[in-house]
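Secondary and tertiary structure notes
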Amino acid sequence: MTRRSIAILLVLCSILSAADTVRESVAKWKQNRRIEVVLNTGDNLIGRLGPVQPDRFLLKLEKRGAGERELNFDEVRSAKTKMTTARKWAIAAEVYAVLLVVGLILGK
């Protein structure tokens with residue numbers, strides 16, 4: 001084997017193992033979960049998770065009028081969940097409430 005063929009083989013193995021990891025992650029998440037997907041082409045897509053099948057899943061894109069996109073697991077480099085704005089505000093409110101209570105207790 002030449003160095004070039006070994007390099008191609010390693011790249012193919014990494015793509016296949018990444019597809020398995022993405023498949024396992026996406027299978028754990030509930031439908032309508034907000035996720036970010038990075039494609040093998042480098043493009044980023046953000047949307048809501050739709051139905052998941054053994055070899056593909058549906059992504060309901062966030063951008064207005066963007067619609068839906070069916071993605072095969074082998075064309076996805078990575079996928080991760082994203083927090084919604086409402087969840088971020090809820091966390092900020094919880095932190096503020098805790099700091100307020102601590103301030104009142106220490107202020108006395």
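Owing to the predicted nature of the structure, the values given are computational and were not obtained by experimental measurement.

Comments concerning the overall build of the chain
Looking only at helices and strands, the chain features two helices and five strands. If you list the helices and strands of the chain from N to C, you get α-β-β-β-β-β-α. Residues counted as buried form 19% of the 108 residues belonging to the chain. For the chain, restricting intrachain contacts to residue pairs at least 6 apart in sequence, the fraction spanning at least 24 positions comes to 40%.

Observations concerning the confidence of the model for the chain
Any segment with low pLDDT has predicted coordinates that should not be analysed in fine detail. Chain-level pLDDT for the chain is 83 on average; 85% of the residues reach the 70-or-more range. Per-element mean pLDDT across the chain ranges from 67 in helix 1 (residues 3-28) up to 94 in strand 3 (residues 56-61).

Re the nonpolar core
Grouped together as the largest cluster of nonpolar side chains are 14 residues, with contacts concentrated most on V26, I35, V37, F57, L59, L71 and V76. Residue assignment for this core shows that the elements contributing at least two residues are helix 1, strand 1 (34-39), strand 2 (44-52), strand 3 and strand 5 (76-81). Per-element tally for this core: the top contributor is strand 1, with three residues. Beyond its immediate chain neighbours, meaning those up to four positions away, L71 contacts V37, L39, L45, D55, R56, F57, L59 and V76.

Overview of the sheet that holds strand 5
Taken together, five strands build an open sheet; the order of strands is 4-3-2-1-5 and the sheet is antiparallel. Looking at the sheet topology across the chains shown, the edges are occupied by strand 4 (68-72) and strand 5. The mean inter-strand angle of the sheet, taken between neighbouring strand axes irrespective of direction, is 40 degrees. Note: strand 2 against strand 3, four bridges, orientation antiparallel.

Some thoughts on the pattern of salt bridges
One pass over the full model with this rule turns up five salt bridges. Between E62 and R34 there is a salt bridge; the shortest N-O distance is 2.3 Å. Within this pair, whereas E62 is found in the loop between strand 3 and strand 4, its partner R34 is found in strand 1, the two being separated by 28 residues in sequence. For R34, a relative accessible area of 16% translates into the label buried. A network of salt bridges, in which partner residues are shared, links E36, K80 and K82.

What about the packing of aromatic side chains?
For any pair of aromatic rings, geometry is given as the distance between the ring centres together with the angle between the planes. Tallied over the full model, the rule gives one aromatic pair. Judged by centre distance (5.3 Å) and plane angle (40 degrees), the rings of F57 and F73 are tilted. Taken as a pair, F57 in strand 3 and F73 in the loop between strand 4 and strand 5 lie far apart in primary sequence, 16 residues in all. The exposure class of F57 is buried, given its relative accessible area of 1%.

Rules and cut-offs
- Residues numbered from 1 in each chain as written.
- Predicted model: local features only at pLDDT ≥ 70, side-chain atom pairs only at ≥ 80, totals over all residues.
- Heavy atoms only, no water.
- Helix = DSSP H or I, 4+ residues; strand = E, 2+ residues; numbered from the N terminus.
- Buried < 20%, exposed > 50% of the residue type's maximum accessible area, 1.4 Å probe, protein only.
- Contact = heavy atoms within 4.5 Å.
- pLDDT = per-residue confidence, 0-100.
- Core = buried A, V, L, I, M, F, W, Y, C linked by side-chain atoms within 4.5 Å.
- Pairing = 2+ DSSP bridges.
- Axes fitted to C-alpha atoms, helices over the stretch in contact; angles between N-to-C directions.
- Salt bridge = Lys/Arg side-chain N within 4 Å of Asp/Glu carboxyl O.
- Phe/Tyr/Trp six-rings, centres within 6.5 Å; stacked < 30°, edge-to-face > 60°.

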